[in-house]
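# Observations on the model geometry
One-letter residues, chain by chain:
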Amino acid sequence: MAKQRIRRGVTRRTALASSAASLALAPLSITSFAKSAHERAEGTDSDSIDSLAALAAQKGLAFGASFAVHELDRPYGEQYADVYRRDVQLITSELCLKIPILRPDAHVLDFAPADRFFSFASENGLGVHGHTLIWDDYLPDWIKQLSGVEVDHLLNAHILTVLERYNGKAETWDVVNEPIAPWDKNPGNLRQGPFYAHLGEDYIGKAFHLAREFDPKAKLLLNEAQTESADENGATFRKSLLDLIKRQLDKGVPIDGIGLQCHLQSERPYDFPRFAAFVREIIDLGLDVQITELDVNDSAYPGSTTERDTRVANLYAQFLKEVLALPEVSALVLWQLSDRTSWMADPGLKNGLRKDKKPSRPLPYDRAFEKKPAWYAIADALRAMPARRPVRKT
Ligand code: G3I
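Residues numbered from 1 in each chain as written. Predicted model: local features only at pLDDT ≥ 70, side-chain atom pairs only at ≥ 80, totals over all residues. Heavy atoms only, no water.

### What to know about the overall build of the protein
For clarity, the cut-off: Strands here mean DSSP runs of E at least two residues long; helices mean DSSP runs of H or I at least four residues long; both are numbered from the N terminus. Accessible area is worked out with a 1.4 Å probe on protein chains only. A residue is then buried under 20% of its type maximum, exposed over 50%, and partly exposed in between. What makes two residues a contact is simply this: any of their non-hydrogen atoms within 4.5 Å. Each accessible area is a Shrake-Rupley estimate made with a 1.4 Å probe; only the visible protein chains count as cover when residues are assessed.
Scanning the protein from N- to C-terminus turns up 14 helices and nine strands. A total of 394 residues make up the protein; the buried ones form 56% of that total. In the protein, 79% of the contacts between residues at least 6 apart in sequence involve partners at least 24 apart. A total accessible area of about 16500 Å² is found for the protein, and carbon and sulfur atoms account for 53% of it.

### Notes on the pattern of salt bridges
This is how the line gets drawn: Salt bridge criterion: a side-chain nitrogen from Lys or Arg within 4 Å of a carboxyl oxygen from Asp or Glu.
Counted according to the given criterion, the structure contains 26 salt bridges. For R74, the salt bridge identified is with E71, shortest N-O distance 3.7 Å. We classify R74 as partly exposed; its relative accessible area is 40%. Several salt bridges converge on common partners, so that one network encompasses R280, D284, E328 and R389.

### Some thoughts on the environment of A300
Within the fold, A300 resides in the loop between β8 (288–297) and α13 (305–323). Using a relative accessible area of 40% as the deciding quantity, one classes A300 as partly exposed. Between the C-alpha atoms of A300 and R268, which are 32 residues apart in sequence, the distance is 9.2 Å. Once residues within four sequence positions are removed from consideration, A300 is found in contact with S266 and E267.

### Describing the site of the ligand
To be explicit about the condition: Any residue with a heavy atom positioned within 4 Å of a molecule or strand is treated as near that molecule or strand. Throughout this description, a polar contact denotes any pair of N or O atoms lying within 3.5 Å of each other; where both atoms belong to protein, one of them has to be capable of donating a hydrogen while the other can accept it, and for residues adjacent in sequence the pair is counted only when both atoms sit in side chains. Charged residues are taken to be Asp, Glu, Lys and Arg, nonpolar residues to be Ala, Val, Leu, Ile, Met, Phe, Trp, Tyr, Cys and Pro, and polar residues to be all remaining types, Gly included.
Looking at the ligand, there are 16 residues lining it, with E94, K98, H131, E293 and D346 nearest. Within the side chain of E293, one N or O atom sits 2.7 Å away from a nitrogen atom of the ligand. In isolation the ligand has 800 Å² of accessible area, and contact with the protein removes 60% of it. Tallied by class, the residues present in the shell around the ligand amount to six nonpolar, five polar and five charged.

### A short note on the confidence of the model for the protein
Basically, it comes down to this: pLDDT is a per-residue confidence score from the predictor, ranging from 0 to 100.
For the protein, per-residue confidence averages 90 on the pLDDT scale, and residues scoring 70 or more make up 89% of the total. Considering only residues more than four positions removed or in separate chains, one finds that residues 1–34, a stretch of pLDDT under 50, has 47 contacts.

### A look at α13
The α-helix advances 3.6 residues per turn, and as a result positions three or four apart in sequence lie on the same side. Stated precisely, the cut-off is as follows: Any helix carries an expected span of 1.5 Å times its number of residues minus one. This arc corresponds to the set of directions leading from the helix axis out to the C-beta atoms.
Its 19 residues give α13 an end-to-end C-alpha distance of 27 Å, which sits within 8% of 27 Å, the value for a rise of 1.5 Å per residue. For α13, every residue scored as buried is listed here: R308, D309, V312, A313, L315, Y316, F319, L320 and V323. The buried residues of α13 occupy an angular sector of 155° when projected down its axis, which confines them to one face. Away from its buried face, by an angle of more than 90 degrees, α13 presents the exposed residues T306 and K321.

### Observations regarding the pairing of strand β6 (residues 257–260)
The line we're drawing: Pairing between two strands requires that DSSP report at least two bridges joining them. Think of it like this: strands point away, you trace from the first strand over the helix to the second, and a clockwise trace means the crossover is right-handed.
Side chains G257 and G259 of β6 all project onto a buried face; the interleaved residues I258 and L260 project onto the opposite face, where all are buried too. The pairing of strand β5 (residues 219–224) with β6 spans four bridges and is parallel. Bridged to L221 within β6 is G257. Regarding the hand of the β-α-β motif, the stretch spanning β5, helix α11 (residues 232–250) and β6 is right-handed. Bridge count between β6 and β8: four bridges; the pairing is parallel.

### Some thoughts on the packing of aromatic side chains
What counts, and what does not: Each aromatic pair joins two rings of Phe, Tyr and Trp (for Trp, the six-membered one) with centres within 6.5 Å, and gets the label stacked for planes under 30 degrees apart, edge-to-face for over 60, and tilted for any other angle.
Under the counting rule described, the total for this entry stands at 17 aromatic pairs. With centroids separated by 4.2 Å and ring planes inclined at 10°, the aromatic side chains of F118 and Y166 adopt a geometry described as stacked. One end of the pair, F118, is in helix α6 (residues 112–123); the other, Y166, is in the loop between α8 (148–165) and β4 (172–177), and 48 residues separate them in sequence. In this structure Y166 comes out as buried when scored by relative accessible area, which is 0%.

### A word on α6
In this model, α6 (12 residues) spans 16 Å end to end at C-alpha, consistent with the 16 Å of a helix rising 1.5 Å per residue. Of all the residues in α6, the buried ones are A114, F117, F118, F120 and A121. All buried residues of α6 project into a common sector of 155° when viewed along the axis, lining one side. Of the residues flanking the end of α6, it is G125, one or two places downstream, whose phi is positive at about 65°.

### Here's the deal with the side chain of T341
In this structure, T341 sits in the loop between β9 (329–334) and α14 (373–384). On the basis of relative accessibility, which here comes to 5%, the residue T341 falls in the buried class. Setting aside its immediate chain neighbours within four residues, T341 contacts E71, Y76, Y80 and Q336.

### Describing unusual backbone geometry
The step from H131 to T132 runs through a cis peptide bond, and the omega angle for that step is 0°. For T132, the location among the structural elements is in strand β3 (residues 127–135). Unusually for a residue other than glycine, N189 sits at a positive phi of about 60°. A residue is classified by how much of its surface remains accessible, and N189, at 21% relative accessible area, is partly exposed.

### Structural notes on the packing of α13 against α14
To keep things clear, this is the line we draw: Interaxial angle, 0 to 180 degrees, is taken between N-to-C directions of lines fitted to C-alpha atoms, where a helix line uses only the stretch in contact. When describing relative orientation, an angle under 35 degrees is termed roughly parallel and one over 145 degrees roughly antiparallel, while 65 to 115 degrees is termed roughly perpendicular and anything else oblique. If you view the pair so one helix is near and one far, a crossing is left-handed when the near helix is turned anticlockwise from the far one by less than a right angle, and right-handed when it is turned clockwise.
Close contact between α13 and α14 brings their axes to 8 Å; oriented N to C, the two are set at 15°. The orientation of α13 relative to α14 falls into the category roughly parallel. In this structure, α13 crosses over α14, and the sense of that crossing is right-handed. Within the contact between the two elements, α13 uses D309, V312, A313, Y316, A317 and L320 and α14 uses P373, A374, A377, I378 and A381. Class assignment of the residues belonging to the contact of α13 with α14 gives a composition of 10 nonpolar, no polar and one charged.

This is the structure in structure tokens:
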């Protein structure tokens, strides 16, 4: 059944390629978005550049942030769009390409938010990082009831459907998100979810092979969290991820790079030179490394807004100094740009993350879309970093 679906899909894919007009969205090349940020920076002294994307582009780094289309409908929607137009050259889909949004139930495919997301990117000359094809978490209940054969079919059909519709429109994809979850106590510390439960570790290789087949030009990433901290949790994630990568590469799985999320937390200990050494180990395997979800949870920072903002900015500065010193790190993506739209401001978090109930301040713009010290810390790090150079394939 699954095979039949794929064969049909290849035929549909070929038809689609020859008829770009069948899609409402214009294709976007990597050079087109990189150039626009470069143009903003060209011939300008970096001290007077007022765009993080333009500063990054001067050194060949792709700079972006996650973006949620529903924020455009809020009273602050135009300010929201403006900070993206000014400061990024690529956007990551924070919600609209996730399975629960695309497939709220077994018989519904809802592409409306994702189409709108790709249109925003295209209209504003921005690149796209697709997040995420397969994540064994945050899945709708109907998927948890499926049999092994049905889960296998879903994996095939989902990757085919999404990559057909948005073929060539995302430069990079998180093919598999957060496969590590030590608390699930599986071999290799792999996350327990319907894909792992029915397909074992092979779900990862299958997903990458399908993604390569259906969007051969896209850069394919495996995206992981919690590898940064200098505690036991960080060490476990780093080792589990490295072991997983090596097993997959040994099997010929077409992984192009690793996304390291880097949701930094004020209460965790860090040793950023140690983390940079871990990033170097991944690069030495011939893989691209991208920082994919950077923000700073300030819940353990006490004091006034000024003190908290200073500490958040300092953590950004210390982290970026070490990580961007590695010229092979090719992209830096924040998880949103404004405190107003951070996942840490989600009303679903009821009383917020902080004991004092004050709103979190994790990002370079405040809730009124004004720049904070973190913006300047990031800008300084981009000015100071060396020019990028591609990873040498092993
Ligand atoms: O759709 C409802 C909306 O109607 C309601 O008003 C709102 C009230 O809280 O909740 C809305 O949905 C929530 C949605 O975020 C939008 O805020 C979902 O319940 C909630 O589960 C969803 O959370 C997202 C989460 O991933 C799960 O998909 C976060 O926004 C998003 O930032 C977060 O992103 C993850 C990355 O994908 C992977 N790495 C960690 C990162 C942060 O947790």
